[in-house]
Amino acid sequence: LTSGVSAIAAGEFHTCALTTAGGVKCWGNNFSGQLGDGTTDDRLTPVDVSGLTSGVSAIATGRYHTCALTTAGGVKCWGDNFSGQLGDGTTDDRLTPVDVSGLTSGVSAIAAGSYHTCALTTAGGVKCWGNNNYGQLGDGTTDHRPIPVNVSGLTSGVSAIAAGDSHTCALTTAGGVKCWGSNFAGQLGDGTTAYRFTPVDVSGLTSGVRTIAAGFDHTCALTTAGGVKCWGNNNYGQLGDGTTGYRLTPVDVSGLTSGVSAIAAGSYHTCALTTAGGVKCWGDNFVGQLGDGLVGRRTTPVDVV
């Protein structure tokens, strides 16, 4: 895969690529069928996802499951289905893609948490399915859902979605951020640590946000001014504010109040693409995931070598 790839997504132990031809290839761990090739054999090099050599416009990876958005606006998922995160009405693992119930069209974006999945509809609404232990499906309950349910109050007005381990966030068309689900570390950003089974506004972020990213239990926002704000778990410095204390409301990432064009969040680290084309990262660095040539957590952004 030295060329011909248009997007990538990484799960816990597997990786997938969307080709320019609209196909999906995956590699890595496959014990739940998350590679989608009809087997449970680990693959050290990319394999084609069965039936998806074309017609796909986006991909998303959960911990042990994978989903694809088709060019027709439908969603297909495969892999681990213990909590119903494949959305086909069952809890059976699937070694090849299955259609998400009721979502064969009308979807514009997808996001996958550890054990839940969400879809943004072309009408600007959000639907979620799978694990709901902490309210991450946003339907006002903690019941697992093997088929999509509407997120309460978000049937329109949403432009993007992001899913963490057990929380979910939405970017509104007004540039605001709403989150729901697990909140033990303040990852919902509403100033509390109370779990929320329906969306709540992120404090101070009712407008001015361009995009969002969710880590395991922290969340970040890229502002329209090109700055980055983060909130939630900060044990490893993944909020980038120079501390390791939980933040229940958004804080500025040190030195990144402007000049950023994109953000991405890992489980416990965060990275930013600058408008100059450089990359800066911060947070957990136990195995060198910050790319600065060293190990050891960083509480403020460092340049990737």
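Residues numbered from 1 in each chain as written. Predicted model: local features only at pLDDT ≥ 70, side-chain atom pairs only at ≥ 80, totals over all residues. Heavy atoms only, no water.

(A) The overall build of the chain, seen in detail. Each helix and strand in the chain was counted, giving zero helices and 24 strands. Relative to the compact-globule value of 19 Å for 305 residues, the chain shows a C-alpha radius of gyration of 18 Å, a close match. Structurally, the chain occupies a C-alpha span of about 45 × 45 × 30 Å along its principal axes. Restricting to contacts in the chain with at least 6 residues of sequence separation, those with at least 24 account for 46%. Total accessible area computed for the chain in this model is approximately 11,600 Å², and 49% of it derives from carbon and sulfur atoms. Averaging the positions of the 15 positive and the 21 negative side-chain charges in the chain gives two centres separated by 6 Å. (Helix = DSSP H or I, 4+ residues; strand = E, 2+ residues; numbered from the N terminus. Rg over C-alpha atoms; globule rule 2.2 N^0.38 Å. Contact = heavy atoms within 4.5 Å. Areas by Shrake-Rupley, 256 points an atom, 1.4 Å probe, with all protein chains shown as cover. Lys, Arg positive; Asp, Glu negative; His and termini not counted. Charge placed at Lys NZ, Arg CZ, Asp CG, Glu CD.)

(B) Focus on the state of the cysteines. Taken as a whole, this structure holds six disulfides when the rule is applied. Covalently, C16 is tied to C26 through a disulfide, its sulfur atoms 2.1 Å apart. Between C16 and C26 the disulfide shows an S-S torsion of about 110 degrees. By sign, it is right-handed. With C16 in strand β2 (residues 14-19) and C26 in strand β3 (residues 24-28), this pair connects stretches of sequence that are ten residues apart. (Disulfide = S-S within 2.5 Å.)

(C) Examining the packing of aromatic side chains more closely. One pass over the structure, following the stated rule, counts six aromatic pairs. Summarising the aromatic geometry, the rings of F31 and Y64 are spaced 5.0 Å apart at their centres and angled 65 degrees between planes, so their arrangement reads as edge-to-face. Taken together, the residues span a long stretch of sequence, with F31 in the loop between β3 and β4 (43-48) and Y64 in the loop between β5 (56-61) and β6 (65-70) at a distance of 33 residues. Judged by relative accessible area, Y64 falls into the buried class, the value being 14%. Seen in terms of ring centroids, F184 and Y246 are 6.4 Å apart; in terms of plane orientation they differ by 85 degrees. Their pairing is edge-to-face. Within this pair, whereas F184 is found in the loop between β15 (177-181) and β16 (196-201), its partner Y246 is found in the loop between β19 (228-232) and β20 (247-252), the two being separated by 62 residues in sequence. Relative accessible area serves as the criterion here: at 36%, F184 is assigned to the partly exposed category. Taken together, the ring pairs in this structure connect F31, Y64 and Y115 into an aromatic cluster. (Phe/Tyr/Trp six-rings, centres within 6.5 Å; stacked < 30°, edge-to-face > 60°. Buried < 20%, exposed > 50% of the residue type's maximum accessible area, 1.4 Å probe, protein only.)

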